[in-house]
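# Per-entry structural report
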Amino acid sequence: CGLADSLAYETRYDEAVGCFERAIALSPNDPQIWAFLTYGALALIFKGDFARAVEWTERASGIPNCQYWTAAHKAAALALLGRADEARRATTELMQKMPEFTCAFARDKLFYVKEPRQVELYLDGLRQAGVPAISSVLIWSSGPGGGRARRRPPGPAPDEPGPEEQGERRDIGD
């Protein structure tokens, strides 16, 4: 799977997909097979094979331990195919799995992708699918010097107390 990722990021898409297919064939019961399919879907998005990317995300979605990236890749691929209603449904699923997923979060997590056009293609798909650009959640924190509102960064914050311990959590819109 690592070799396939590296090939995809080097724009060697056919080789990358072949490696993902081989990894899946060699280990069909691997507990992380959702990742092989999901990373393979990202390679297919970069390649421009959006329909096949959707197929791979649908296969990955059926695996119980599948993570939020699968829904993100599906939303992007569907949007890039022009299937707006399905893309929005995939975005709804994504936001249920990872409520603070944003285009900014995706950009940060794809730091290792060196081809700007790959990142921009993916982010364009996410934007078209209705993924927010930045987090719209404000957290009210109280502490020394009084309370303050701040934008919560994308992603989980395991070291912070939950909203019930911090005060009110409000959605301020897009």
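Above this text is the structure in question.
Predicted model, so just to flag it, every value in this text is computed and none were measured. (Residues numbered from 1 in each chain as written. Predicted model: local features only at pLDDT ≥ 70, side-chain atom pairs only at ≥ 80, totals over all residues. Heavy atoms only, no water.)

## Quick look at the overall build of the chain
The test is simple: In this description a helix means any DSSP run of H or I spanning at least four residues, a strand means any run of E spanning at least two, and both kinds are numbered starting from the N terminus. Think of it in three bands: residues with accessible area under 20% of the maximum for their type are buried, residues over 50% are exposed, and the middle band is partly exposed, with areas taken using a 1.4 Å probe on protein chains only. In what follows, a contact means two residues having at least one pair of non-hydrogen atoms within 4.5 Å. Accessibility throughout is a Shrake-Rupley quantity obtained with a 1.4 Å probe, and a residue counts as covered only by protein chains that appear here.
The secondary structure content of the chain amounts to nine helices and three strands. Reading the helices (α) and strands (β) of the chain from amino to carboxyl end gives α-α-α-α-α-α-α-α-β-β-α-β. When burial is assessed residue by residue, the chain has 44% of its 174 residues classed as buried. Considering only contacts in the chain between residues 6 or more positions apart, those separated by 24 or more positions represent 59%. Accessible area for the chain stands at about 9100 Å²; split by element, carbon and sulfur atoms hold 51% of it.

## Quick word on the pattern of salt bridges
What counts is decided by this rule: Here, a salt bridge means any side-chain nitrogen of Lys or Arg that lies within 4 Å of a carboxyl oxygen of Asp or Glu.
Going through the model one piece at a time under the given rule, you end up with 10 salt bridges. A salt bridge links glutamate 58 to lysine 74, with the nearest nitrogen and oxygen atoms 3.9 Å apart. One end of the pair, glutamate 58, is in helix 4 (residues 50–61); the other, lysine 74, is in helix 5 (residues 68–80), and 16 residues separate them in sequence. Its relative accessible area of 17% is what places lysine 74 among the buried residues. With a shortest N-O distance of 3.5 Å, arginine 117 and glutamate 115 are connected by a salt bridge. The network of salt bridges with common partners includes Arg107, Glu120 and Arg127.

## Structural notes on the environment of proline 132
In this fold, proline 132 is placed in the loop between helix 8 (116–128) and strand 1 (137–143). In this structure, the C-alpha to C-alpha distance between proline 132 and cysteine 103, residues 29 residues apart in sequence, is 6.3 Å. Excluding residues that lie within four positions of it along the chain, proline 132 makes contacts with Met95, Phe101, Thr102 and Cys103.

## Observations regarding unusual backbone geometry
Phi at threonine 11 takes a positive value of approximately 65 degrees, unusual for a residue other than glycine. Along the chain, the position of threonine 11 falls in the loop between helix 1 (2–9) and helix 2 (13–26).

## Focus: the packing of aromatic side chains
So the rule is basically this: Only centres within 6.5 Å qualify two rings of Phe, Tyr or Trp (six-membered ring in Trp) as a pair; their planes then separate them into stacked at under 30 degrees, edge-to-face at over 60, and tilted for everything else.
In the structure shown here, the tally under the stated rule is nine aromatic pairs. Ring geometry for tyrosine 68 and phenylalanine 101: centres 6.0 Å apart, planes at 65 degrees, overall edge-to-face. Note that tyrosine 68 is positioned in helix 5 and phenylalanine 101 in the loop between helix 6 (84–97) and helix 7 (103–109), a separation of 33 residues in sequence. Judged by its relative accessible area of 0%, phenylalanine 101 is buried.

## Concerning the side chain of threonine 38
How we decide: We call two N or O atoms a polar contact when they sit within 3.5 Å, provided that within protein one can donate a hydrogen and the other can accept it, with sequence-adjacent residues counted only if both atoms are side-chain atoms.
By the secondary structure assignment, threonine 38 is in helix 3 (residues 33–47). Judged by relative accessible area, which is 1%, threonine 38 ranks as buried. At 2.7 Å, the side chain of threonine 38 forms a polar contact with the backbone oxygen of tryptophan 34. At 2.6 Å, the side chain of threonine 38 and the side chain of threonine 70 are in polar contact. In this structure, threonine 38 is in contact with Ala60, Trp69, Thr70 and His73, ignoring residues within four places of it in sequence.

## So, the environment of tryptophan 56
Checked against the element boundaries, tryptophan 56 lands in helix 4. Taking the relative accessible area as the measure of exposure, tryptophan 56 reaches 4% and is therefore buried. Beyond its immediate chain neighbours, meaning those up to four positions away, tryptophan 56 contacts Val17, Phe20, Glu21, Ile24, Phe36, Leu37, Gly40, Ala41 and Leu44.

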